[in-house]
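Report on the structure
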Amino acid sequence: MQSNSHKDLTDKVALVTGAASGIGCAIASKLAHSGAEVCLVDIQESLLQQASLLMNGQVSTVVADLSSPESIATMQEVIARKFGRVDILVNNAGLQHVEPLESFSLEKWDEMMHVMLRAAFLNMQSVIPAMIKNGWGRIINIASIHSLVASPFKSAYVTAKHGLIGLTKTAALEVALKGVTVNAISPSYVRTPLVEKQIEKLSEIHQIPHDQVIKEIMLLPMPQKELIEPEEIAEMVIFLCSDPARHINGHNLVVDGGWTIT
Ligand SMILES: NC(=O)c1ccc[n+]([C@@H]2O[C@H](COP(=O)([O-])OP(=O)(O)OC[C@H]3O[C@@H](n4cnc5c(N)ncnc54)[C@H](O)[C@@H]3O)[C@@H](O)[C@H]2O)c1
């Protein structure tokens, strides 16, 4: 068994999707600080460059549209040419759309399924063979509290995140004997642009101001009554990559401020 001590990810190659913003950016930054060679993937080129600058240009970037299998294949070729393998895969890219079921467009439904579910599947399919060959790998899927509970107007998001847990568990079983772990992290509300957009939309739907949306809708089910910071989720990723976490497999690590206690 190859091993790495806690927080020492030197010589590991990490791929983080949706790394230009929010949680993905925080994860990429912490992985880089832990010594990994990090490749940031996102559809937003200029934000991706900004994220890379934040990390002192010590990371690689690839622009890709994860809703497109062709774009994913091109991204995988670029990464294979540059690094030869991926040791840590973080499937983080995601998007939210808040809309009643009856008016939810098929186009948006498909985009969300493709980015949050199909892309995760395709990326796992691509990195697992080298992980198995090397006897070490960490796959971390950023799910959501909505992998466990539902909220109105989020049909595609809730469905994709529930599905991502099924994919996580299945993959974990398949690679259990190979030194590879596959886990999910499920946060409730984290302070990122994705949440800021939801606050805007919920404020429109419910006809209430932003601070009321945060207090009376978002934080209502969270006993701890605070938005989570992206760096807290990034720390969970570092933990799951560490040696002491090597027997945590197929797990959904819930970081929800107590939302699902009752
Ligand atoms: N913020 C939260 O409260 C929260 C809570 C639970 C789970 N999550 C999950 O965490 C992940 C990151 O969310 P965030 O809050 O940091 O959001 P964010 O909007 O800040 O970042 C998401 C990133 O994904 C990228 N992305 C979206 N579509 C893409 C595509 N087609 N191809 C490539 N990249 C694409 C975006 O460009 C963006 O940089 C998502 O999977 C989200 O569902 C977020």
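See the structure printed just above.
In what follows, the accompanying structure is described. Since the structure is predicted, the reported quantities are computational estimates derived from the model, not experimental observations. (Residues numbered from 1 in each chain as written. Predicted model: local features only at pLDDT ≥ 70, side-chain atom pairs only at ≥ 80, totals over all residues. Heavy atoms only, no water.)

1. Remarks on the site of the ligand
Using the following cut-off: We call a residue near a molecule or strand whenever a single non-hydrogen atom of that residue lies within 4 Å of it. For the purposes of these results, a polar contact is taken to be a pair of N or O atoms within 3.5 Å, where, inside protein, one atom must be able to donate a hydrogen and its partner to accept one; residues adjacent in sequence count only when each atom of the pair is a side-chain atom. In this description, accessible areas are obtained by the Shrake-Rupley approach with a 1.4 Å probe, and a residue is regarded as covered only by the protein chains that are shown. Numbered from the N terminus, helices here are DSSP runs of H or I no shorter than four residues, and strands are runs of E no shorter than two. Classification used: nonpolar for Ala, Val, Leu, Ile, Met, Phe, Trp, Tyr, Cys and Pro, charged for Asp, Glu, Lys and Arg, polar for all others including Gly. An automatic or database domain assignment is the source of the domain bounds shown.
Among the 29 residues in the neighbourhood of the ligand, the closest are listed as Ser 21, Asp 42, Tyr 157, Val 190 and Thr 192. Gln 44 places a side-chain nitrogen or oxygen 2.8 Å from an oxygen atom of the ligand. Take Lys 161: an N or O atom from its side chain is 2.9 Å from an oxygen atom of the ligand. Considering the ligand on its own, with 820 Å² of exposed area, one finds that the protein chains cover 95% of that surface. Looking at the shell around the ligand, the elements that each hand over two or more residues are α1 (22-33), α5 (155-175) and α6 (193-206). Per-class residue counts for the shell around the ligand are 16 nonpolar, 10 polar and 3 charged. Counting contributing residues, the shell around the ligand receives three or more from each of domain 1 (13-188 + 229-254) and domain 2 (191-227).

2. Structural notes on α6
Quick reminder: α-helices carry 3.6 residues per turn. Residues three or four places apart thus point the same way. Filter applied, for reference: For a helix, the expected span equals 1.5 Å multiplied by the residue count minus one. In this scheme, a residue with accessible area under 20% of its type's maximum is buried, one over 50% is exposed, and one in between is partly exposed, where area comes from a 1.4 Å probe on protein chains only. Our arc is simply the arc of the directions from the helix axis toward the C-beta atoms. A contact between two residues is defined here by any heavy atoms of the two lying within 4.5 Å.
In a regular helix each residue adds 1.5 Å, so 14 residues correspond to 20 Å; α6 covers 20 Å between its end C-alpha atoms and thus fits that length. Here α6 has its buried residues at Val 195, Gln 198, Ile 199, Leu 202 and Ser 203. Axial view of α6: buried residues confined to an arc of 135 degrees, hence all on one face. Buried residues in α6 make contact with α7 (210-218). Gln 207 sits one or two positions beyond α6 and adopts a positive phi of about 55 degrees.

3. Considering the sheet that holds strand β7 (residues 252-255)
Put simply, the test is: Two strands form a pair only when DSSP identifies at least two bridges running between them. Here the axes come from fitting lines to C-alpha atoms, over the contacting stretch only for helices, and the angles between their N-to-C directions go from 0 to 180 degrees.
Taken together, 7 strands build an open sheet; the order of strands is β3-β2-β1-β4-β5-β6-β7 and the sheet is parallel. Sheet topology places β3 (60-63) and β7 at the edges, where each strand pairs with a single neighbour. Pairs of neighbouring strands in the sheet enclose a mean axial angle of 15 degrees, with direction left out of account. By the bridge criterion, 4 bridges tie strand β2 (residues 37-42) to β3 in an arrangement that is parallel. Paired with Val 41 across the bridge in β3 is Val 62. The strands touched by helix α4 (residues 106-134) within the sheet are β1 (13-17), β4 (88-91), β5 (137-142) and β6 (180-187), with β4 carrying the most contacts at an inclination of about 170 degrees. Where helix α8 (residues 230-241) meets the sheet, its contacts fall on β4, β5, β6 and β7, and the angle it forms with β5 comes to roughly 155 degrees.

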